[in-house]
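Fold and contact review
The primary structure of each chain is shown beneath.
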Amino acid sequence: MSWLPIAIKACYFLAALLFILGLKRMSSPRTARGGIVWAGYGMLLAVLATFFLPDMQHRGLIVAAVLIGVSAAWWSGKRVAMTAMPQMVALYNGMGGGAAAAIGAVELIGYVRTLAILHPAGIPDTSPLRPESWAINALPPISALVALSPVELALGVLGALIGAVSFSGSLIAFAKLQGWLDKRFVFPGQRAVNLLLLAAAVLIGVLLACGHASLPLIVVFFALALLFGLMMTLPIGGADMPVVISLYNAFTGLAVAFEGFVLGNEAMIIAGMVVGAAGTLLTQLMAKAMNRSLGNVLFGSFGAAGGEAQ
Amino acid sequence: MIDGFLALYIFMLAAFTGYEIIARVPVILHTPLMSGSNFVHGIVLVGAMIALGHAQTRFEIVIGFIGVLLGAGNAAGGYVVTERMLEMFKPSKPGTGKGAH
């Protein structure tokens, strides 16, 4: 083992440490300002280290995407009014959830492709959707291919589900606080419809996790997950949005932790899990500060027949 | 790859760490802390970079590229917004954020 992988692992370790210390400092008013700077150094370290990972391809594309994403977000974050902060948090959080879902999607598609190469007979020929038809790189030799283990596959699917829900839900939260979606969207039987959507997404997720992965199934899975996030957030009123955003923040953290497990990246596991737990507790504290329970915030608008209009 | 049980231990310890960090936080810091933890899960950028870096087909590359874009937005936007919120807690400016210390 050469020194480079060790140095990269050490950077991830330091990043995880800086995240935890930074969050710790952010939880006290006197040290809060320094906390974000510490966490910022951790992020910089982790991202720089990732560029030096061995056998990374498409480095140019990665640099381009990072530059575009960072400059767009930096610019929008700097010029937005202080009063518009909560919806910006929702927007950036949704992006994180979307990124976690994208990782899950790439891993799942890669899994289908790997299976198709390892067991060509096992995959039915659905010609345009046949994974080999997109190949632009010479595929690695079969000996180098390792399909995801069952645990990795299950956590990858779970992370993708949570991330996709957080993505579409956060975007709706953003649109509502921005004033683009004024009306609360309520109809009879909404709770049952949402439950059905979730059940369908979970069912397909279980199918995927059990190794019945195919491209159409993956597409339907993500469509259902995105739709569920949308439908779950639409009926919630604007005043409750900070609690909902905090919940989706915790969701994204969990999704990041699970995808981190799939990728074997300890920094993602630790940062994601810390945020998942801290975010869950923070959600409860915020709901309590509003004299509401979390269930009341999430489902209050369903059964009450418009009891709390406005 | 990480051994399953080792990962389980990491999951558990990290969850308790997160819980402990938040346990005694004053109400005025709820929103900045939400924003700060939003920045921390911007580490998903690293994962998206790895996913794009290992993408083999055009379809995977497109999704990976979108993932890196979104992850970079999460990290950069989360940082800027949190930093601006926490500016109100400057120690040199008494009165702005000292209320609930």
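Residues numbered from 1 in each chain as written. Chains lettered and ligands numbered in written order. Predicted model: local features only at pLDDT ≥ 70, side-chain atom pairs only at ≥ 80, totals over all residues. Heavy atoms only, no water.

A short note on the overall build of chain A
When its secondary structure is counted, chain A shows 10 helices and 0 strands. Helices (α) and strands (β) of chain A occur, in sequence order from the N terminus, as α-α-α-α-α-α-α-α-α-α. Sorting the 310 residues of chain A into buried and exposed places 51% on the buried side. Pairs at least 24 residues apart make up 73% of the contacts formed inside chain A by residues separated by at least 6 positions. Accessible surface for chain A amounts to roughly 13,500 Å². Of this, 72% is attributable to carbon and sulfur atoms. (Helix = DSSP H or I, 4+ residues; strand = E, 2+ residues; numbered from the N terminus. Buried < 20%, exposed > 50% of the residue type's maximum accessible area, 1.4 Å probe, protein only. Contact = heavy atoms within 4.5 Å. Areas by Shrake-Rupley, 256 points an atom, 1.4 Å probe, with all protein chains shown as cover.)

Digging into the interface of chain B and chain A
In this complex, chain B contributes 77 residues to the contact, which on the side of chain A involves 100 residues. Summing the contributions of chain B and of chain A, the shared interface buries around 8,000 Å²; its carbon and sulfur component is 80%. Viewed at the interface, chain A and chain B are joined by 1 salt bridge. Remark: the boundary between chain B and chain A carries 13 residue pairs in polar contact (both at pLDDT 80 or more). Those elements that provide at least two residues to the side of chain B that touches chain A are α1 (4-22), α2 (30-40), α3 (44-53) and α4 (58-86) of chain B. Broken down by element, the side of chain B that touches chain A gets its largest block of residues, 27 residues, from α4 of chain B. Looking at the side of chain B that touches chain A residue by residue, the classes come out as 45 nonpolar, 24 polar and 8 charged. (Buried area = accessible area lost by both parts, 1.4 Å probe. Salt bridge = Lys/Arg side-chain N within 4 Å of Asp/Glu carboxyl O. Polar contact = N/O pair within 3.5 Å; in protein donor to acceptor, adjacent residues only side chain to side chain. Nonpolar A, V, L, I, M, F, W, Y, C, P; charged D, E, K, R; others polar.)

Describing helix α2 (residues 32-51) of chain A
Over its 20 residues, α2 of chain A runs 30 Å from end to end, which matches the ideal 28 Å to within 8%, given 1.5 Å per residue. Where α2 of chain A is buried, its residues contact α1 (3-26) of chain A together with α2, α3 and α4 of chain B. (Expected span 1.5 Å × (residues − 1).)

Here we look at the pattern of salt bridges
Evaluation of the coordinates by the stated rule reveals 3 salt bridges over all chains. Its salt-bridge partner being K9 of chain A, residue E266 of chain A comes within 3.1 Å of it at the nearest N-O pair. With E266 of chain A in helix α9 (residues 266-289) and K9 of chain A in helix α1, this residue pair connects regions lying 257 residues apart in the sequence. By relative accessible area, E266 of chain A is classed as partly exposed at 24%. We note a salt bridge from E60 of chain B to R113 of chain A, for which the minimum N-O separation is 2.7 Å. Pair noted here: E60 of chain B is in helix α4 and R113 of chain A is in helix α4 (residues 85-118), and the two residues belong to different chains. Judged by its relative accessible area of 2%, E60 of chain B is buried.

Details of the environment of L69 of chain B
Residues and elements named next belong to chain B. As for its placement among the helices and strands, L69 is situated in helix α4. Among the residues examined, L69 registers a relative accessible area of 25% and is labelled partly exposed. C-alpha separation for the pair L69 and L45, spaced 24 residues apart in sequence, amounts to 8.2 Å.

Description of α9 of chain A
Residue and element names in this part refer to chain A. With 24 residues, α9 should reach 34 Å at 1.5 Å per residue; the first-to-last C-alpha distance of 34 Å fits that figure. The opening residue of α9, the one whose side-chain oxygen lies 3.2 Å from the backbone nitrogen of A267, is N265. In the stretch just after α9, N291 is the one whose phi turns positive, near 60°.

Here's the deal with the UniProt feature "transmembrane region" (unreviewed entry) in chain B
All names here are of chain B. What UniProt calls "transmembrane region" (unreviewed entry) maps, in this numbering, to residues 6-27, 39-55 and 61-81. Helix makes up 71% of residues 39-55 and strand 0%, whereas the separation of the span's terminal C-alpha atoms amounts to 26 Å. Helix makes up 100% of residues 61-81 and strand 0%. Its end C-alpha atoms lie 30 Å apart. (UniProt positions renumbered as here; feature names shortened; annotations may be inferred.)

So, the confidence of the model for chain A
Residues and elements named next belong to chain A. Averaged over every residue, the pLDDT of chain A is 87; residues scoring 70 or more account for 87%. Long-range and interchain partners of residues 123-129, a stretch whose pLDDT sits below 50, account for 11 contacts in this model, where long-range means more than four residues apart. Confidence drops under pLDDT 50 across residues 302-310; counting only partners more than four residues distant or on other chains, this segment forms 11 contacts. (pLDDT = per-residue confidence, 0-100.)

A look at the environment of L148 of chain A
All names here are of chain A. When you line up the elements, L148 lands in the loop between α4 and α5 (150-177). C-alpha of L148 to C-alpha of I103: the two residues are 45 residues apart in sequence and 14 Å apart in space. L148 has contacts with E107, Y111, L153 and V262, leaving out every residue within four places of it along the chain.

Side note on the nonpolar core
Counting 128 residues, the largest nonpolar core has F222 of chain A together with F11 and I43 of chain B as its most contacted members. In terms of residue count, the dominant contributor to this core is α4 of chain A (18 residues). (Core = buried A, V, L, I, M, F, W, Y, C linked by side-chain atoms within 4.5 Å.)

Re the packing of aromatic side chains
Tallied over the entire structure, the rule returns 7 aromatic pairs over all chains. Judged by centre distance (5.3 Å) and plane angle (75°), the rings of F221 of chain A and F222 of chain A are edge-to-face. In this structure, F221 of chain A and F222 of chain A share a single accessibility class: buried. Their ring planes at 65° and their centres at 5.5 Å tell us that F39 of chain B and Y79 of chain B sit as a pair that is edge-to-face. You can see F39 of chain B sitting in helix α2 and its partner Y79 of chain B sitting in helix α4, a full 40 residues away along the chain. Owing to a relative accessible area of 2%, F39 of chain B belongs among the buried residues under this scheme. Through a chain of ring-to-ring contacts, three or more aromatic side chains come together here, namely W74 of chain A together with F39 and Y79 of chain B. (Phe/Tyr/Trp six-rings, centres within 6.5 Å; stacked < 30°, edge-to-face > 60°.)

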